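Residue strings, one per chain:
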Amino acid sequence: MDSNNHLFPTYAQPEITFREGKGVYLYDKEGTAYLDFTSGIAVNALGHAHPHLVEALKTQADRLWHTANLFRIEGQEHLAERLCEATFADRVFFTNSGTEALECAFKTARRYHYINGNPERINILSFEGAFHGRTLAAIAAGGQAKYLEGYGPKTPGFISLPFGDHDALKAAIDYQTAAILIEPIQGEGGVRSVPHQCLRGLRELCDENGILLIYDEVQTGVGRTGRFFAHEWAGENGEAAPDIMAIAKGIGGGFPVGACLAREHVAEAMTPGSHGTTFGGNPLAMAVGNAVLDVILEEEFLRSVQTKSLVLSQILAELVDTYPDLLEEVRGKGFLIGLKARVPNTDLVAAFRDKGLLTVGAGDNVVRLLPPLIVSEDDMRQARDKMVSALDEYRTRNEDKG
Ligand SMILES: *Cc1c(COP(=O)(O)O)cnc(C)c1O
């Protein structure tokens, strides 16, 4: 029996279908509960069926779904104002996904140089291990062979450089460079953090060379690391602020929402007709996005994320100490945490899942833990017990074999 055979075979999925979610828990068809430490890949920032989000979506559903961007959309203007108030940005373009937000960022960067008399500045420099989505431009920006294979010539104008190699970066900047693109913490790439001084250094390098700094905070943003955006950790006063930033995932709390944020002088280049979308920023999406911000930007919310996430880091550090044969180290920040494994990460994701804990694999043999930001200390202790029991069994099984 394969009821999956009318779908593109793009996803390798375990045999689980969820029917319901509440808070940190997902329930399958039999009613079995799973602790969800995937949050739909950093999307369900406030867990499943958060009452404030459900209410916002239902209220909007009774009122108005869609007008396209033929007319002004109140929710967009409100959400954009709030995003700008809380960040470096002055202007926002709404999309439906992360990769579309990146696409807008690439177009904005090139268009900025074009409008300013430098049409030759088209190249976007990015870093090995990066992930920026799956459009043809995004896979070129990510530069990973496994995502480029079979899709014809790589879209020109994207140059992938070794991660952390300052000399290679400086050498790569020339008269054609438009922008530097980076995730403050590589998510899919294995939860690899960029040191704070490097982000500040990139800001300076961009200023010196008249090029733009683009952050991909699709995964790291909207409270995931304990700050509204991860780059804020690298400077309280905008020392590491970008010119353009792509966001998505958490901002919709489970509704598809993305956005490209930019400073005024950059966004200015995107004149009427230069870009557009039918669905992006529709009233349903904006109602949910605004509801997410109601919670995340509440006083104390992000502080509570910072405090709670220390508990998880502590739990994981203890696991690494207890199982040095299976685990190597803990990486990341806030609730974007990676557990680098010494055995195949896919084995551990499966072993945890068998115990009722959902996690996600990442590059560099990492198991990612991305609990909803509303996770409680008790939830984290339950997750620990599940991991301990999975790791004990895994070890015993392997000793029997070996
Ligand atoms: C998920 C992700 C994307 C792509 O977002 P989609 O919504 O899947 O298109 C881009 N960049 C980063 C850093 C991501 O984590």
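None of the values given here were measured: they were computed from a predicted structure.

### Quick notes on unusual backbone geometry
The backbone of Ala68 shows a phi angle near 60°, a positive value even though the residue is not glycine. If you trace the backbone, Ala68 turns up in the loop between helix H2 (51-63) and helix H3 (74-85). Overall, the relative accessible area of 15% leaves Ala68 in the buried class. One non-glycine residue, Glu300, lies in the positive phi region at around 80°. Position of Glu300 relative to the elements: it lies in the loop between helix H10 (283-296) and helix H11 (301-322).

### Points about the site of the ligand
Taken together, Ser97, Gly98, Thr99, Phe131, His132, Gly133, Glu183, Asp216, Val218, Gln219 and Lys249 make up all the residues around the ligand. Contacts to the ligand include Gly98, whose backbone N or O atom sits 2.8 Å from an oxygen atom. A distance of 2.6 Å is found between an oxygen atom of the ligand and a side-chain nitrogen or oxygen belonging to Lys249. Within the complex, 82% of the 390 Å² of free accessible area of the ligand lies under protein. By residue class, the composition of the shell around the ligand is 2 nonpolar, 6 polar and 3 charged.

### Some words on the packing of H2 against H10
Between H2 and H10, the shortest axis-to-axis distance is 9 Å and the interhelical angle comes to 150°. Classified by the angle between their axes, H2 and H10 sit roughly antiparallel to one another. Handedness of the crossing formed by H2 with H10: right-handed. Residues His52, Leu53, Ala56, Leu57, Gln60 and Ala61 of H2 form the contact with H10, whose own contacting residues are Pro283, Leu284, Ala287, Val288, Ala291, Val292, Asp294 and Val295. Among the residues making up the contact of H2 with H10, the classes are represented as 11 nonpolar, 2 polar and 1 charged.

### Concerning the packing of aromatic side chains
Geometry of an aromatic ring pair is reported as the spacing of the ring centres plus the angle between the planes. Inspection of every chain in the model, using the stated rule, returns 5 aromatic pairs. Taking 5.0 Å as the distance between ring centres and 65° as the angle between the ring planes, the aromatic pair formed by Phe106 and Phe158 counts as edge-to-face. Taken together, the residues span a long stretch of sequence, with Phe106 in helix H4 (residues 98-115) and Phe158 in strand E6 (residues 158-161) at a distance of 52 residues. For Phe106, a relative accessible area of 3% gives the class buried. For Arg192, the ring lying beneath its charged end belongs to Phe163, and the centroid distance is 4.1 Å. Lying across the ring of Trp233, Arg227 places its NZ or CZ 4.9 Å from the centre.

### Comments concerning the sheet that holds strand E17 (residues 366-369)
Reading across from one edge, E13-E14-E17-E16 is the order of the 4 strands in this open sheet, with antiparallel pairing throughout. Every other strand in the sheet has two partners, leaving strand E13 (327-333) and strand E16 (360-362) as the edge strands with one partner each. The average undirected angle you get between the axes of adjacent strands in this sheet is 30°. Pairing of E13 with strand E14 (residues 336-341), which is carried by 6 bridges, proceeds in the antiparallel orientation.

### Considering H10
When the terminal C-alpha atoms of H10 are compared, their 20 Å separation across 14 residues agrees well with the 20 Å that a helix rising 1.5 Å per residue should span. Among the 14 residues of H10, 13 are classified as buried, and the element is accordingly described as predominantly covered. For H10, the side-chain oxygen to backbone nitrogen distance between the N-cap and Leu284 is 3.0 Å, and the N-cap itself is Asn282.

### Concerning the sheet that holds strand E15 (residues 357-358)
Read from one edge to the other, the open sheet built from 4 strands follows the order E1-E2-E3-E15, with strand pairing classed as mixed. Sheet topology places strand E1 (18-22) and E15 at the edges, where each strand pairs with a single neighbour. Bridge count for strand E2 (residues 25-28) against strand E3 (residues 33-36) is 3 bridges, and the pairing is antiparallel. Its bridge partner lying in E3, Tyr27 is registered against Ala33.

### A look at H3
In this model, H3 (12 residues) spans 17 Å end to end at C-alpha, consistent with the 16 Å of a helix rising 1.5 Å per residue. Residues of H3 that are buried include every one of Gln76, Leu79, Ala80, Arg82, Leu83 and Cys84, and no others. Its buried side turned inward, H3 meets strand E4 (91-95), strand E11 (244-247), strand E12 (258-262) and H10.

### So, the environment of Ala285
Here Ala285 is to be found in helix H10. Here the alpha-carbon distance between Ala285 and Ile180, two residues 105 residues apart in the chain, equals 29 Å. The residues contacting Ala285, other than those within four sequence positions of it, are Phe255, Pro256 and Val257.

### Points about the side chain of Gln144
Here Gln144 lies in the loop between helix H5 (136-142) and helix H6 (145-148). Among residues more than four places away in sequence, those in contact with Gln144 are Gly129, Ala130 and Ile139.

### Details of the domain arrangement of the chain
The assigned domain composition of the chain is domain 1 (3-49 + 300-401) and domain 2 (64-296). Centre-to-centre, using C-alpha coordinates, domain 1 lies 27 Å away from domain 2. Taken together, the contact between domain 1 and domain 2 spans 28 residues of the former and 25 residues of the latter. Summed over both sides, the interface of domain 1 with domain 2 buries roughly 2200 Å², with 64% coming from carbon and sulfur. By the criterion of area lost to domain 2, the three top residues of domain 1 are Leu302, Lys333 and Leu336, representing 27% of everything that side buries. Between domain 1 and domain 2 we count 1 salt bridge in total.

### Notes on the state of the cysteines
Per the stated rule, a full pass over the model turns up 0 disulfides. For Cys104, which is in no disulfide, the shortest distance to another cysteine sulfur is to Cys260 and amounts to 3.7 Å.

The rules behind each value
- Residues numbered from 1 in each chain as written.
- Predicted model: local features only at pLDDT ≥ 70, side-chain atom pairs only at ≥ 80, totals over all residues.
- Heavy atoms only, no water.
- Helix = DSSP H or I, 4+ residues; strand = E, 2+ residues; numbered from the N terminus.
- Buried < 20%, exposed > 50% of the residue type's maximum accessible area, 1.4 Å probe, protein only.
- Near = heavy atom within 4 Å.
- Polar contact = N/O pair within 3.5 Å; in protein donor to acceptor, adjacent residues only side chain to side chain.
- Areas by Shrake-Rupley, 256 points an atom, 1.4 Å probe, with all protein chains shown as cover.
- Nonpolar A, V, L, I, M, F, W, Y, C, P; charged D, E, K, R; others polar.
- Axes fitted to C-alpha atoms, helices over the stretch in contact; angles between N-to-C directions.
- Parallel < 35°, antiparallel > 145°, perpendicular 65-115°, else oblique.
- Left-handed = near helix turned anticlockwise from the far one by under 90°.
- Contact = heavy atoms within 4.5 Å.
- Phe/Tyr/Trp six-rings, centres within 6.5 Å; stacked < 30°, edge-to-face > 60°.
- Lys NZ or Arg CZ within 6 Å of the ring centre and 35° of its normal.
- Pairing = 2+ DSSP bridges.
- Expected span 1.5 Å × (residues − 1).
- Domains from an automatic or database assignment.
- Buried area = accessible area lost by both parts, 1.4 Å probe.
- Salt bridge = Lys/Arg side-chain N within 4 Å of Asp/Glu carboxyl O.
- Disulfide = S-S within 2.5 Å.

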